[in-house]
Amino acid sequence: MRNFLKKQKRSIITVAIIILVFAIVFSPLLIKEMSLINEDTSKMDIILNISQIISAIFVIVGTFIAVWQYYLSSKSNIIKLNTDRVQKAIDLSRYYKDEILYPYSMLKAVYVQAGITDILSKEKKKMKVFDDEEIHDIFSDKGVKEIERKLFSTEYATAIIELNQRYDFGLDICKEYENGDKKKHLTPKDCIIIAGSFDSKYRIAVMNNLEHFAMYFTHNVADESVVYQSLSPTYLEMCRVLYYNIAHCSQTGQPKLYRNLQQLYEIWNNKAESSKKDIRKREVHTGTVVENLK
């Protein structure tokens, strides 16, 4: 019986409330003399008035409950949304590790050995818009031509061949150049073929994956603050190393590509600069203890 009552507790309470309301509404019928009621007022009028009062009370209480339930539901949805955004950011950190960091390590090794990072790193503070117009403003026409030459140079192709042999990039085209005179006497055509094979497998993949990764944060699907501390240093570095390649895809008068990548770079770069300024402010000497107490 006790278990039955526990299971039916809500139903029993509901029935009890209904019975109580009916008892209050029709109570005038059970009372023969009501001194507080005017003689001209019939018992049915009294019942009608009581029922209206109770109805008004139920409407007020029902409205309050509905508003409260809406508040709780909205709060619950907001908490769930924020939790989902945090979880999405955590999931993306795994994607970042597997699909971006790993191929980027191969790419960076080639860029460093070919001397491309040396050119780009000098002007990293000026990188903001990531379009073709900005490239020429930062590096001038002469500097842009030098970067273009590097990306199809013998040094670049040789770096790919040597590092493919050492780390196994999976580029079959390089195997025929690993030994013998072919490696020492690379033709411009050989350099283009080797560079194209490497770029299509690593550089383009990294750029596309970075854009895909950034979309979740620029459109607020994931919470970027969750991964900022751990991922922003390498993310900013990648964007700077790939600056020419990204910006070259946004020619003047043409649709601008990799805009989500650039937007997230701007957000995280601004945060990094703000953090540096805060650190400098904390390190500034503010006087002696006595001066600070004045």
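Every value quoted in this text rests on a predicted model; they were computed, and no experiment measured them. (Residues numbered from 1 in each chain as written. Predicted model: local features only at pLDDT ≥ 70, side-chain atom pairs only at ≥ 80, totals over all residues. Heavy atoms only, no water.)

1. Some words on the overall build of the chain
Within the chain, the secondary structure is distributed over 12 helices and 0 strands. Helices and strands in the chain line up, N terminus first, as α-α-α-α-α-α-α-α-α-α-α-α. Split into buried and exposed, the 294 residues of the chain put 33% on the buried side. Long-range contacts, defined as pairs at least 24 residues apart, comprise 75% of the intrachain contacts of the chain with a sequence gap of at least 6. Total accessible area on the chain stands at roughly 19,300 Å², and carbon and sulfur atoms take up 59% of it. (Helix = DSSP H or I, 4+ residues; strand = E, 2+ residues; numbered from the N terminus. Buried < 20%, exposed > 50% of the residue type's maximum accessible area, 1.4 Å probe, protein only. Contact = heavy atoms within 4.5 Å. Areas by Shrake-Rupley, 256 points an atom, 1.4 Å probe, with all protein chains shown as cover.)

2. Brief notes about the packing of aromatic side chains
Counting across every chain of the model gives 14 aromatic pairs. Ring centres 6.3 Å apart and planes at 80 degrees place the aromatic pair tyrosine 156 and phenylalanine 198 in the edge-to-face group. Within this pair, whereas tyrosine 156 is found in helix H6 (residues 154-167), its partner phenylalanine 198 is found in helix H8 (residues 188-218), the two being separated by 42 residues in sequence. The exposure class of tyrosine 156 is buried, given its relative accessible area of 0%. Taking the ring centre of tyrosine 228 as reference, the NZ or CZ of lysine 271 above it sits at 5.0 Å. (Phe/Tyr/Trp six-rings, centres within 6.5 Å; stacked < 30°, edge-to-face > 60°. Lys NZ or Arg CZ within 6 Å of the ring centre and 35° of its normal.)

3. What to know about the nonpolar core
The biggest cluster of nonpolar side chains holds 63 residues, and the ones touching the most others in it are Phe139, Tyr156, Phe198, Leu210, Phe213, Tyr235 and Trp268. Ranked by residue count, the leading element in this core is H8, at 11 residues. Here phenylalanine 213 is in contact with Leu92, Tyr95, Tyr96, Ile100, Leu231, Tyr235, Leu264 and Trp268, once residues within four sequence places are set aside. (Core = buried A, V, L, I, M, F, W, Y, C linked by side-chain atoms within 4.5 Å.)

4. Description of the side chain of glutamine 262
Looking at the element boundaries, glutamine 262 is found in helix H11 (residues 259-283). Judged by relative accessible area, which is 10%, glutamine 262 ranks as buried. Once residues lying within four places of it in the same chain are set aside, the contact partners of glutamine 262 are Lys128, Val129 and Phe130.

5. Structural notes on the packing of H8 against helix H9 (residues 224-241)
The geometry of H8 relative to H9 is characterised by a closest axis approach of 13 Å and an angle of 150 degrees between their N-to-C directions. Looking at the two axes, H8 sits roughly antiparallel to H9. In this structure, H8 meets H9 at a crossing whose hand is left-handed. Across the interface between the two elements, Leu210, Phe213, Ala214 and Phe217 of H8 pack against Glu224, Val227, Leu231, Tyr235 and Met238 of H9. (Axes fitted to C-alpha atoms, helices over the stretch in contact; angles between N-to-C directions. Parallel < 35°, antiparallel > 145°, perpendicular 65-115°, else oblique. Left-handed = near helix turned anticlockwise from the far one by under 90°.)

6. A word on the pattern of salt bridges
On inspection of all chains with the given rule, the structure shows 10 salt bridges. Residues arginine 149 and glutamate 146 are paired through a salt bridge, measuring 3.1 Å at the closest nitrogen-oxygen approach. Note that arginine 149 and glutamate 146 are positioned in helix H5 (residues 132-151) at a spacing of 3 residues, about one turn of the helix. On the basis of relative accessible area, glutamate 146 is assigned to the partly exposed category, the value being 31%. For arginine 203, the salt bridge is made with aspartate 199, and the minimal N-O distance between the two is 3.5 Å. Of this pair, arginine 203 and aspartate 199 both sit in helix H8, 4 residues apart, which is roughly one turn of that helix. (Salt bridge = Lys/Arg side-chain N within 4 Å of Asp/Glu carboxyl O.)

7. A word on the side chain of arginine 85
Considering the arrangement of structural elements, one finds arginine 85 in helix H3 (residues 43-114). No salt bridge is formed by the buried arginine 85; its nearest oppositely charged neighbour, aspartate 223, is found at 4.5 Å. (Lys, Arg positive; Asp, Glu negative; His and termini not counted.)

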